[in-house]
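Summary of structural features
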Protein chains: 2
Amino acid sequence: MVFFEIDLKSRTPIYEQIYKKTVELIIKGELKENDQMPSVRALSAEISVNPNTITKAYALLEKDGIIYSLSGRGSFVAKVELEKVADFLLADFDRCALDALESGISPSILVDRINTLSKKTDIT
Amino acid sequence: MVFFEIDLKSRTPIYEQIYKKTVELIIKGELKENDQMPSVRALSAEISVNPNTITKAYALLEKDGIIYSLSGRGSFVAKVELEKVADFLLADFDRCALDALESGISPSILVDRINTLSKKTDIT
DNA sequence: TAAGTGTAATAGCTCGGATAGTACAGCTAA
DNA sequence: TTAGCTGTACTATCCGAGCTATTACACTTA
(Lines give C-alpha, C1' and ligand atoms only; values in the text may rest on other atoms or scores of the structure.)
Protein backbone atom coordinates (compact mmCIF):
# COMPACT_ATOMS: atom_id res chain seq x y z
CA MET A 1 0.00 0.00 0.00
CA VAL A 2 3.05 2.26 -0.04
CA PHE A 3 2.31 2.76 -3.68
CA PHE A 4 2.77 6.34 -4.62
CA GLU A 5 6.16 7.73 -3.82
CA ILE A 6 6.44 11.35 -4.80
CA ASP A 7 9.48 13.58 -5.03
CA LEU A 8 8.35 16.96 -3.81
CA LYS A 9 11.58 18.59 -4.92
CA SER A 10 11.40 17.31 -8.48
CA ARG A 11 10.98 19.71 -11.34
CA THR A 12 8.13 17.62 -12.70
CA PRO A 13 4.90 18.68 -11.03
CA ILE A 14 3.33 16.44 -8.44
CA TYR A 15 0.16 15.84 -10.39
CA GLU A 16 2.26 14.64 -13.28
CA GLN A 17 4.25 12.33 -11.06
CA ILE A 18 1.03 10.76 -9.85
CA TYR A 19 -0.09 10.34 -13.42
CA LYS A 20 3.11 8.59 -14.40
CA LYS A 21 3.18 6.47 -11.28
CA THR A 22 -0.31 5.25 -12.03
CA VAL A 23 0.66 4.31 -15.55
CA GLU A 24 3.73 2.58 -14.20
CA LEU A 25 1.69 0.52 -11.77
CA ILE A 26 -0.64 -0.51 -14.55
CA ILE A 27 2.24 -1.55 -16.78
CA LYS A 28 3.77 -3.57 -14.00
CA GLY A 29 0.45 -5.26 -13.36
CA GLU A 30 0.15 -3.97 -9.82
CA LEU A 31 -2.99 -2.16 -10.86
CA LYS A 32 -5.49 -4.05 -12.97
CA GLU A 33 -8.75 -3.27 -14.69
CA ASN A 34 -11.44 -2.12 -12.28
CA ASP A 35 -9.04 -1.96 -9.37
CA GLN A 36 -9.94 0.89 -7.11
CA MET A 37 -7.55 3.80 -6.96
CA PRO A 38 -6.80 5.30 -3.57
CA SER A 39 -9.44 7.85 -2.71
CA VAL A 40 -8.59 11.48 -3.33
CA ARG A 41 -8.49 12.26 0.36
CA ALA A 42 -6.65 9.10 1.33
CA LEU A 43 -3.88 9.60 -1.20
CA SER A 44 -3.82 13.24 -0.31
CA ALA A 45 -3.12 12.34 3.29
CA GLU A 46 -0.71 9.54 2.49
CA ILE A 47 1.70 11.65 0.51
CA SER A 48 0.96 14.90 2.32
CA VAL A 49 -0.36 16.75 -0.66
CA ASN A 50 -3.40 18.91 -1.16
CA PRO A 51 -6.53 17.09 -2.35
CA ASN A 52 -6.79 19.48 -5.28
CA THR A 53 -3.51 18.20 -6.63
CA ILE A 54 -4.74 14.62 -6.51
CA THR A 55 -7.94 15.64 -8.20
CA LYS A 56 -5.98 17.27 -10.96
CA ALA A 57 -3.97 14.12 -11.54
CA TYR A 58 -7.08 11.94 -11.56
CA ALA A 59 -8.83 14.31 -13.94
CA LEU A 60 -5.94 13.98 -16.37
CA LEU A 61 -5.93 10.22 -16.05
CA GLU A 62 -9.65 10.11 -16.71
CA LYS A 63 -9.33 12.46 -19.66
CA ASP A 64 -6.88 10.01 -21.21
CA GLY A 65 -9.14 7.05 -20.51
CA ILE A 66 -6.76 5.46 -18.04
CA ILE A 67 -9.11 5.56 -15.10
CA TYR A 68 -12.80 6.27 -14.63
CA SER A 69 -14.38 8.02 -11.69
CA LEU A 70 -17.80 7.48 -10.22
CA SER A 71 -19.10 10.21 -8.01
CA GLY A 72 -19.71 8.85 -4.56
CA ARG A 73 -18.04 5.56 -5.45
CA GLY A 74 -14.42 6.15 -6.20
CA SER A 75 -11.93 6.04 -9.04
CA PHE A 76 -11.08 2.84 -10.85
CA VAL A 77 -8.65 1.57 -13.42
CA ALA A 78 -10.19 1.55 -16.85
CA LYS A 79 -9.88 -1.14 -19.48
CA VAL A 80 -6.82 -0.11 -21.39
CA GLU A 81 -4.44 -1.56 -23.93
CA LEU A 82 -1.01 -1.77 -22.38
CA GLU A 83 0.65 -0.50 -25.54
CA LYS A 84 -1.33 2.69 -25.60
CA VAL A 85 -0.78 3.29 -21.92
CA ALA A 86 2.94 2.84 -22.37
CA ASP A 87 2.86 5.45 -25.07
CA PHE A 88 2.02 8.06 -22.48
CA LEU A 89 5.31 7.28 -20.78
CA LEU A 90 7.24 6.84 -23.98
CA ALA A 91 6.26 10.29 -25.16
CA ASP A 92 8.75 11.70 -22.67
CA PHE A 93 11.41 9.30 -23.77
CA ASP A 94 10.86 10.14 -27.41
CA ARG A 95 11.27 13.81 -26.74
CA CYS A 96 14.57 13.30 -24.94
CA ALA A 97 15.84 10.91 -27.56
CA LEU A 98 14.88 13.26 -30.35
CA ASP A 99 16.63 16.11 -28.62
CA ALA A 100 19.80 14.08 -28.37
CA LEU A 101 19.62 12.93 -31.97
CA GLU A 102 19.00 16.42 -33.28
CA SER A 103 21.96 17.60 -31.26
CA GLY A 104 24.13 15.35 -33.34
CA ILE A 105 24.54 12.44 -30.96
CA SER A 106 24.62 9.16 -32.83
CA PRO A 107 21.91 6.53 -32.31
CA SER A 108 24.50 3.91 -31.40
CA ILE A 109 25.63 5.99 -28.44
CA LEU A 110 22.08 6.20 -27.20
CA VAL A 111 21.63 2.46 -27.58
CA ASP A 112 24.80 1.83 -25.62
CA ARG A 113 23.50 4.15 -22.98
CA ILE A 114 20.29 2.18 -22.66
CA ASN A 115 22.10 -1.11 -22.37
CA THR A 116 24.31 0.26 -19.64
CA LEU A 117 21.38 1.67 -17.75
CA SER A 118 19.32 -1.49 -18.03
CA LYS A 119 22.13 -3.56 -16.57
CA LYS A 120 22.39 -1.27 -13.64
CA THR A 121 18.68 -1.39 -12.94
CA ASP A 122 18.70 -5.16 -13.08
CA ILE A 123 21.33 -5.30 -10.38
CA THR A 124 19.39 -2.97 -8.16
CA MET B 1 23.98 33.53 -38.23
CA VAL B 2 20.47 32.37 -37.47
CA PHE B 3 22.00 30.17 -34.86
CA PHE B 4 19.93 30.19 -31.76
CA GLU B 5 16.34 29.25 -32.23
CA ILE B 6 14.43 29.37 -29.00
CA ASP B 7 10.97 28.10 -28.14
CA LEU B 8 9.47 30.67 -25.83
CA LYS B 9 6.53 28.41 -25.03
CA SER B 10 8.63 25.44 -24.03
CA ARG B 11 8.58 24.18 -20.49
CA THR B 12 12.36 24.21 -20.39
CA PRO B 13 13.60 27.67 -19.44
CA ILE B 14 15.13 29.90 -22.08
CA TYR B 15 18.52 30.08 -20.42
CA GLU B 16 18.64 26.31 -20.45
CA GLN B 17 17.70 26.17 -24.10
CA ILE B 18 20.56 28.52 -24.90
CA TYR B 19 22.88 26.32 -22.92
CA LYS B 20 21.84 23.21 -24.81
CA LYS B 21 21.89 24.94 -28.15
CA THR B 22 25.45 26.04 -27.54
CA VAL B 23 26.50 22.52 -26.67
CA GLU B 24 24.73 21.27 -29.76
CA LEU B 25 26.55 23.71 -32.00
CA ILE B 26 29.85 22.65 -30.50
CA ILE B 27 29.09 18.99 -31.04
CA LYS B 28 28.12 19.65 -34.62
CA GLY B 29 31.32 21.57 -35.18
CA GLU B 30 29.57 24.82 -36.01
CA LEU B 31 31.24 26.36 -33.01
CA LYS B 32 34.90 25.65 -32.49
CA GLU B 33 37.49 26.45 -29.88
CA ASN B 34 38.00 30.18 -29.42
CA ASP B 35 35.09 31.05 -31.67
CA GLN B 36 33.34 34.11 -30.38
CA MET B 37 29.87 33.69 -29.01
CA PRO B 38 27.26 36.25 -29.96
CA SER B 39 27.46 39.17 -27.57
CA VAL B 40 24.99 39.26 -24.74
CA ARG B 41 23.19 42.24 -26.18
CA ALA B 42 23.26 40.98 -29.75
CA LEU B 43 21.81 37.60 -28.90
CA SER B 44 19.38 39.30 -26.61
CA ALA B 45 18.10 41.37 -29.50
CA GLU B 46 18.21 38.56 -32.03
CA ILE B 47 15.91 36.26 -30.12
CA SER B 48 13.96 38.99 -28.35
CA VAL B 49 14.94 38.00 -24.88
CA ASN B 50 16.13 39.99 -21.93
CA PRO B 51 19.91 40.43 -21.64
CA ASN B 52 19.80 39.07 -18.11
CA THR B 53 18.56 35.76 -19.44
CA ILE B 54 21.47 35.51 -21.85
CA THR B 55 23.87 36.40 -19.08
CA LYS B 56 22.45 33.64 -16.96
CA ALA B 57 22.97 31.10 -19.73
CA TYR B 58 26.52 32.26 -20.39
CA ALA B 59 27.31 32.15 -16.68
CA LEU B 60 26.21 28.53 -16.57
CA LEU B 61 28.24 27.67 -19.65
CA GLU B 62 31.30 29.31 -18.16
CA LYS B 63 30.77 27.56 -14.84
CA ASP B 64 30.88 24.24 -16.69
CA GLY B 65 33.99 25.23 -18.59
CA ILE B 66 32.25 25.26 -21.96
CA ILE B 67 32.91 28.91 -22.72
CA TYR B 68 35.09 31.59 -21.21
CA SER B 69 34.21 35.24 -20.93
CA LEU B 70 36.57 38.19 -21.03
CA SER B 71 35.17 41.42 -19.70
CA GLY B 72 35.25 43.99 -22.44
CA ARG B 73 36.17 41.40 -25.06
CA GLY B 74 33.41 38.91 -25.36
CA SER B 75 32.58 35.27 -24.71
CA PHE B 76 34.41 32.48 -26.48
CA VAL B 77 34.23 28.75 -26.87
CA ALA B 78 36.61 27.02 -24.49
CA LYS B 79 38.82 24.07 -25.26
CA VAL B 80 36.62 21.15 -24.44
CA GLU B 81 36.57 17.42 -24.96
CA LEU B 82 33.60 16.54 -27.10
CA GLU B 83 32.76 13.54 -24.95
CA LYS B 84 32.43 15.55 -21.82
CA VAL B 85 30.37 18.20 -23.54
CA ALA B 86 28.04 15.57 -24.88
CA ASP B 87 27.57 14.29 -21.38
CA PHE B 88 25.78 17.47 -20.48
CA LEU B 89 23.19 16.63 -23.11
CA LEU B 90 23.14 12.94 -22.37
CA ALA B 91 22.30 13.57 -18.75
CA ASP B 92 18.79 14.47 -19.85
CA PHE B 93 18.55 11.41 -22.01
CA ASP B 94 19.73 9.16 -19.21
CA ARG B 95 17.09 10.49 -16.89
CA CYS B 96 14.30 9.85 -19.38
CA ALA B 97 15.61 6.42 -20.24
CA LEU B 98 15.95 5.48 -16.61
CA ASP B 99 12.40 6.65 -15.94
CA ALA B 100 11.13 4.44 -18.72
CA LEU B 101 13.14 1.44 -17.60
CA GLU B 102 12.04 1.79 -14.01
CA SER B 103 8.47 2.00 -15.20
CA GLY B 104 8.85 -1.49 -16.54
CA ILE B 105 9.39 -0.73 -20.20
CA SER B 106 11.84 -3.15 -21.75
CA PRO B 107 15.19 -1.95 -23.13
CA SER B 108 14.44 -3.46 -26.52
CA ILE B 109 11.40 -1.25 -26.90
CA LEU B 110 13.51 1.80 -26.20
CA VAL B 111 16.12 0.69 -28.72
CA ASP B 112 13.42 0.21 -31.33
CA ARG B 113 12.18 3.66 -30.53
CA ILE B 114 15.59 5.16 -31.13
CA ASN B 115 15.99 3.41 -34.43
CA THR B 116 12.63 4.65 -35.60
CA LEU B 117 13.37 8.18 -34.53
CA SER B 118 16.81 8.23 -36.12
CA LYS B 119 15.39 7.15 -39.44
CA LYS B 120 12.87 9.92 -39.35
CA THR B 121 15.46 12.54 -38.57
CA ASP B 122 17.64 11.32 -41.42
CA ILE B 123 14.80 11.78 -43.86
CA THR B 124 14.13 15.26 -42.63
C1' DT C 1 -28.18 8.34 9.32
C1' DA C 2 -23.22 8.55 9.13
C1' DA C 3 -19.21 8.17 6.81
C1' DG C 4 -17.16 7.67 2.84
C1' DT C 5 -16.79 9.00 -2.23
C1' DG C 6 -15.90 12.51 -6.39
C1' DT C 7 -16.45 17.30 -7.74
C1' DA C 8 -16.61 22.32 -7.80
C1' DA C 9 -15.31 26.89 -6.64
C1' DT C 10 -12.83 30.66 -4.64
C1' DA C 11 -8.92 32.82 -2.61
C1' DG C 12 -4.23 32.99 -1.63
C1' DC C 13 0.75 31.77 -1.35
C1' DT C 14 5.29 30.67 -3.35
C1' DC C 15 8.90 30.50 -6.32
C1' DG C 16 11.37 30.18 -10.64
C1' DG C 17 11.76 32.53 -14.70
C1' DA C 18 11.82 36.54 -17.17
C1' DT C 19 11.66 41.56 -17.72
C1' DA C 20 13.03 46.59 -17.16
C1' DG C 21 16.31 49.80 -16.25
C1' DT C 22 20.57 51.66 -14.76
C1' DA C 23 25.31 51.61 -13.93
C1' DC C 24 30.25 50.50 -14.02
C1' DA C 25 34.61 48.90 -15.82
C1' DG C 26 37.45 46.83 -19.46
C1' DC C 27 38.81 46.56 -24.38
C1' DT C 28 39.59 48.25 -29.10
C1' DA C 29 39.53 50.76 -33.22
C1' DA C 30 39.00 55.23 -35.31
C1' DT D 1 41.43 60.50 -26.57
C1' DT D 2 37.02 59.14 -27.62
C1' DA D 3 33.18 56.48 -29.10
C1' DG D 4 31.27 52.25 -29.12
C1' DC D 5 31.51 47.85 -28.16
C1' DT D 6 32.14 44.16 -24.57
C1' DG D 7 30.93 41.53 -19.86
C1' DT D 8 29.11 42.22 -15.27
C1' DA D 9 26.36 43.75 -11.30
C1' DC D 10 22.38 45.31 -9.03
C1' DT D 11 17.65 46.37 -7.81
C1' DA D 12 12.90 46.30 -8.63
C1' DT D 13 9.08 44.29 -10.72
C1' DC D 14 6.03 41.23 -13.13
C1' DC D 15 4.06 36.80 -14.43
C1' DG D 16 2.28 32.27 -14.33
C1' DA D 17 2.38 27.43 -12.93
C1' DG D 18 1.90 24.78 -9.15
C1' DC D 19 0.20 24.07 -4.85
C1' DT D 20 -2.39 25.10 -0.69
C1' DA D 21 -6.50 26.20 2.23
C1' DT D 22 -11.20 25.99 2.86
C1' DT D 23 -15.91 25.34 2.13
C1' DA D 24 -19.61 23.23 -0.02
C1' DC D 25 -22.54 20.02 -2.62
C1' DA D 26 -24.27 15.70 -4.43
C1' DC D 27 -23.86 10.86 -4.60
C1' DT D 28 -23.30 6.05 -2.56
C1' DT D 29 -23.18 2.57 0.70
C1' DA D 30 -23.01 0.20 5.13
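Residues numbered from 1 in each chain as written. Chains lettered and ligands numbered in written order. Predicted model: local features only at pLDDT ≥ 70, side-chain atom pairs only at ≥ 80, totals over all residues. Heavy atoms only, no water.

**Comments concerning helix α1 (residues 14-27) of chain B**
Between its terminal C-alpha atoms α1 of chain B stretches 20 Å, which fits the 20 Å expected from 14 residues at 1.5 Å a residue. A large share of α1 of chain B lies buried, amounting to twelve of its 14 residues. For α1 of chain B, every residue scored as buried is listed here: Tyr15, Glu16, Gln17, Ile18, Tyr19, Lys21, Thr22, Val23, Glu24, Leu25, Ile26 and Ile27 of chain B. Structurally, α1 of chain B contributes buried residues whose contacts are with α4 (82-102) of chain A together with α2 (40-46), α3 (51-63), β2 (74-77) and α4 (82-102) of chain B. Glycine 29 of chain B sits one or two residues past α1 of chain B and shows a positive phi near 85°. (Helix = DSSP H or I, 4+ residues; strand = E, 2+ residues; numbered from the N terminus. Expected span 1.5 Å × (residues − 1). Buried < 20%, exposed > 50% of the residue type's maximum accessible area, 1.4 Å probe, protein only. Contact = heavy atoms within 4.5 Å.)

**Here's the deal with the nonpolar core**
Nonpolar side chains in soluble globular proteins generally cluster together in the buried interior. By size, the foremost hydrophobic cluster in this structure holds 67 residues, and its most contacted members are Ile18, Tyr58 and Phe93 of chain A together with Tyr58 and Phe93 of chain B. Those elements that place two or more of their residues in this core are α1 (14-27), α3 (51-63), α4 and α5 (107-123) of chain A together with α1, α3, α4 and α5 (107-123) of chain B. If we skip the residues at most four places from it in the chain, phenylalanine 93 of chain A touches Ile114 of chain A together with Phe93, Cys96, Ala97, Leu110, Arg113 and Ile114 of chain B. (Core = buried A, V, L, I, M, F, W, Y, C linked by side-chain atoms within 4.5 Å.)

**Points about the interface of chain A and chain B**
Across the boundary between the two partners, chain A contributes 30 residues, which contact 30 residues of chain B. Our count for the contact surface shared by chain A and chain B stands at six salt bridges. The closest approach of N and O atoms between glutamate 16 of chain A and arginine 11 of chain B, which form a salt bridge, is 3.1 Å. Counting the contacts that link chain A with chain B gives six residue pairs in polar contact (both at pLDDT 80 or more). The biggest single contributor to the side of chain A that touches chain B is α4 of chain A, with twelve residues. In the side of chain A that touches chain B, the residues fall into 17 nonpolar, four polar and nine charged. (Salt bridge = Lys/Arg side-chain N within 4 Å of Asp/Glu carboxyl O. Polar contact = N/O pair within 3.5 Å; in protein donor to acceptor, adjacent residues only side chain to side chain. Nonpolar A, V, L, I, M, F, W, Y, C, P; charged D, E, K, R; others polar.)

**Some remarks on the side chain of glutamate 24 of chain A**
Relative to the assigned elements, glutamate 24 of chain A resides in helix α1. A relative accessible area of 12% places glutamate 24 of chain A in the buried class.

**Some thoughts on the protein's contact with DNA strand D**
Lining the immediate environment of DNA strand D, one finds 25 residues, of which Ile14, Asn50 and Asn52 of chain A together with Arg41 and Gly72 of chain B sit closest. In DNA strand D, atoms within 4 Å of the protein come 63% from sugar and phosphate. At a separation of 3.4 Å, a base nitrogen of DNA strand D approaches a polar side-chain atom of asparagine 52 of chain B. Of the residues forming the surface near DNA strand D, the biggest block, three residues, is contributed by α3 of chain A. Its residues assigned to classes, the surface near DNA strand D comprises six nonpolar, 13 polar and six charged. (Near = heavy atom within 4 Å.)

**What to know about the packing of α1 of chain A against α4 of chain A**
Residues and elements named next belong to chain A. α4 packs onto α1 with a crossing angle of 140° between their chain directions and a minimal axis gap of 10 Å. One element, α1, and the other, α4, form an angle in the oblique class. Two packed elements cross with a definite hand, and for α1 against α4 that hand is left-handed. Where α1 abuts α4, its residues Tyr19, Lys20, Val23, Ile26 and Ile27 lie against Leu82, Val85, Ala86, Phe88, Leu89 and Asp92. Of the residues belonging to the contact of α1 with α4, the class tally is nine nonpolar, no polar and two charged. (Axes fitted to C-alpha atoms, helices over the stretch in contact; angles between N-to-C directions. Parallel < 35°, antiparallel > 145°, perpendicular 65-115°, else oblique. Left-handed = near helix turned anticlockwise from the far one by under 90°.)

**Things to note about the protein's contact with DNA strand C**
Contacts to DNA strand C come from 25 residues, most closely from Arg41 of chain A together with Ile14, Asn50, Asn52 and Arg73 of chain B. Close to the protein, within 4 Å, the atoms of DNA strand C belong to sugar or phosphate groups at a rate of 62%. Contact distances for DNA strand C include 3.2 Å between a base nitrogen and a side-chain N or O atom of asparagine 52 of chain A. In the environment of DNA strand C, a phosphate oxygen lies 2.5 Å from a nitrogen or oxygen atom belonging to the backbone of isoleucine 14 of chain B. At the level of secondary structure, the elements contributing two or more residues to the surface near DNA strand C comprise α2 (40-46), α3, β1 (67-70) and β2 (74-77) of chain A together with α1 and α3 of chain B.

**Here we look at the relation of the copies chain A and chain B**
For the pair chain A and chain B, the best superposition has an RMSD of 0.1 Å and corresponds to a rotation of 180° with a translation of 0.0 Å parallel to the axis. Here the two chains are linked by the operation of a two-fold rotation axis. The rotation axis passes nearest to the C-alpha of valine 111 of chain A in chain A, at a distance of 2.9 Å. The residues that chain A uses at the interface reappear at the interface of chain B in 100% of cases, marking a shared surface. (Least-squares fit on C-alpha atoms with pLDDT ≥ 70 in both.)

**Brief notes about the environment of valine 85 of chain A**
Residue and element names in this part refer to chain A. In this structure, valine 85 sits in helix α4. Overall, the relative accessible area of 2% leaves valine 85 in the buried class. When the C-alpha positions of valine 85 and isoleucine 27 are compared, they lie 7.7 Å apart, and in sequence the two are 58 residues distant. The contact partners of valine 85, leaving out residues within four places of it in the chain, are Val23 and Val80.

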